[in-house]
Amino acid sequence: MVNTNWTSVSHFVLLGISAQPEEKVPLFLLFLLMYAINISGNFAIITLIISTPRLHTPMYIFLSNLALADICFTSTTVPKMLQNIFSPTKAISYMGCLAQTYFFICFAAMENFLLAAMAYDRYIAICYPLHYPRILTRILCSQMVALCQILSHLHAMLHTFLMGRLIFCADNKIPHFFCDLYPLMKISCSSPYLNTLMIHTEGVIVINGALVFIIASYARIISVVLRSSSAKSKWRAFSTCGSHLTVVAIFYGTLTWVYFRPLTSYSAPEGRILTVMYTVVTPMLNPFIYSLRNGDVKGAFRKWVSRI
């Protein structure tokens, strides 16, 4: 009888993005810059929304939670990656690896649900503007944020529990910069069938379900805007929707391409590049896409800077 809870490795080795010594410094500086932009941009958004009473509306409550999720999402992987670039061992403990997997999945799912909630907010605001305050109350907004968090943790618990059941033998080298699902399953010496089954069923429902909801919301928004008589309002709406959908396309496109394929077709070099897009690039772009193009946020930012 094999004990499926048993593992023979006490740690893993994260091989990182590149093994070339001449690429260490450029990669370190590049990811440090992107991480600094992500942290400072999202932290500024959170501070601005908290300190400006007129931004205490459902739209900006969702936005502040998305900014916080982006900070946590990137902080789950990037600091360890920056440390390992110059580390001779590049080691992470077994429990540390499972913890990183848990929080990575949790904050990725939270971003997924919050993007859907924000699409619903824009749908109500544009398609039913007169009923917006009555439909999307502060209580409902708080309940939606709480539901996003609960579902995210349940989603992460499921996949982390399944990962903890796998057996790892002699090979403890992960060809990635963090403990991602597919690289871990590739080096496991037990069958990852149940893990892949849940990714391709429950994972598809969670991720693609939210994506379908977002696309349907924006399709309805565009149809309403097209009936508007004002060319200026059309341009403004299409410009905003286009930038939002760009972020959605990057996040969901790379996420779907990495995980919703057979494990046998997974390529580590391709997976590393695509993972960077939704773990680092998208959280870095979100403050600019969702906030700096917003007149209310820019006005509040100018007042905040003038006070400082």
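The model shown is predicted, which means the values in this text are computed figures rather than measured ones. (Residues numbered from 1 in each chain as written. Predicted model: local features only at pLDDT ≥ 70, side-chain atom pairs only at ≥ 80, totals over all residues. Heavy atoms only, no water.)

Asks: Explain the packing of helix α6 (residues 138-164) against helix α8 (residues 193-226) to me, please; I cannot follow it from the model alone.
Replies: Packed helix pairs are characterised by how far apart their axes lie and by the angle those axes make with each other. The interhelical angle for the contact between α6 and α8, taken along N-to-C directions, is 170°, at an axis separation of 10 Å. By the angle between their axes, α6 is roughly antiparallel relative to α8. Judged by residue contacts, His-155, Leu-158, His-159, Leu-162 and Met-163 of α6 engage Leu-194, Asn-195, Met-198, Ile-199, Glu-202, Gly-203 and Val-206 from α8. Classifying every residue of the contact of α6 with α8 by side-chain character gives 7 nonpolar, 4 polar and 1 charged. (Axes fitted to C-alpha atoms, helices over the stretch in contact; angles between N-to-C directions. Helix = DSSP H or I, 4+ residues; strand = E, 2+ residues; numbered from the N terminus. Parallel < 35°, antiparallel > 145°, perpendicular 65-115°, else oblique. Contact = heavy atoms within 4.5 Å. Nonpolar A, V, L, I, M, F, W, Y, C, P; charged D, E, K, R; others polar.)

Asks: Is there a simple way to think about helix α3 (residues 78-85) in this case?
Replies: What sets the pattern is the α-helix's 3.6 residues per turn: residues three or four places apart point alike. Of all 8 residues in α3, 6 are buried; the element is thus mostly enclosed. Within the sequence span of α3, burial applies to Val-78, Lys-80, Met-81, Leu-82, Asn-84 and Ile-85. (Buried < 20%, exposed > 50% of the residue type's maximum accessible area, 1.4 Å probe, protein only.)

Asks: Is there a simple way to think about the environment of Pro-175 in this case?
Replies: Tracing the backbone through its elements, the reader meets Pro-175 in the loop between β3 (173-174) and α7 (181-187). Overall, the relative accessible area of 25% leaves Pro-175 in the partly exposed class. The sequence separation of Pro-175 and Cys-106 amounts to 69 residues, and the corresponding C-alpha distance is 22 Å.

Asks: Would you take a moment to explain the state of the cysteines for this structure?
Replies: Disulfides are covalent bonds that connect the sulfur atoms of two cysteines. As enumerated under the stated definition, the model contains 2 disulfides in all. Between the sulfur atoms of Cys-169 and its disulfide mate Cys-189 the distance is 1.9 Å. The disulfide joining Cys-169 to Cys-189 has a torsion of about 70° about its S-S bond and is therefore right-handed. Of the two residues, Cys-169 is situated in the loop between α6 and β3 and Cys-189 in the loop between α7 and α8; the sequence distance between them amounts to 20 residues. Residue Cys-169 is classed as partly exposed on the basis of its relative accessible area, which comes to 33%. Cysteine pairing in the chain follows 1-3, 2-4, where each cysteine in a disulfide is numbered by its order in the sequence. No disulfide involves Cys-141; its sulfur sits 9.4 Å from the nearest other cysteine sulfur, which is in Cys-148. (Disulfide = S-S within 2.5 Å.)

Asks: How should I be thinking about the confidence of the model for the chain in this particular structure?
Replies: When pLDDT is low, close inspection of the predicted coordinates is not appropriate. Mean pLDDT for the chain: 87, with 94% of residues reaching 70 or above. Mean pLDDT per element in the chain: helix α11 (residues 295-307) is the minimum at 73, and α6 is the maximum at 95. Residue range residues 1-7 is modelled with pLDDT below 50. Its contacts to residues more than four positions away, or to other chains, number 10 contacts. (pLDDT = per-residue confidence, 0-100.)

Asks: Mind showing me how you'd approach the nonpolar core here?
Replies: With 100 residues, the main nonpolar core has Phe-12, Phe-168, Tyr-252, Tyr-259 and Tyr-290 as its most contacted residues. Element by element, the count of residues in this core is highest for helix α4 (residues 94-127), at 22 residues. (Core = buried A, V, L, I, M, F, W, Y, C linked by side-chain atoms within 4.5 Å.)

Asks: Which parts of the structure should I look at to understand the UniProt feature "transmembrane region" (unreviewed entry) in the chain?
Replies: The feature "transmembrane region" (unreviewed entry), as annotated in UniProt, sits at residues 27-50, 102-123, 135-156, 204-226, 238-260 and 272-292 in this numbering. Between the first and last C-alpha atoms of residues 135-156 the distance is 30 Å; the span itself is 91% helix and 0% strand. (UniProt positions renumbered as here; feature names shortened; annotations may be inferred.)

Asks: What's the story with the environment of Phe-43 in this structure? I'm lost.
Replies: Structurally, Phe-43 can be placed in helix α1 (residues 24-51). Look at Phe-43 and you get exposed, because its relative accessible area is 53%. When the C-alpha positions of Phe-43 and Asp-70 are compared, they lie 9.8 Å apart, and in sequence the two are 27 residues distant.

Asks: Which parts of the structure should I look at to understand the pairing of strand β1 (residues 11-14)?
Replies: Two faces belong to every sheet, and in a regular strand the side chains alternate between them. As paired strands, β1 and strand β2 (residues 91-93) are joined by 3 bridges and run antiparallel to one another. Opposite Val-13, over in β2, you have Ala-91 as the bridge partner. Across 2 bridges, β1 lies against β3 in parallel orientation. Looking at β3, one finds that Leu-14 is bridged to Ile-174. (Pairing = 2+ DSSP bridges.)

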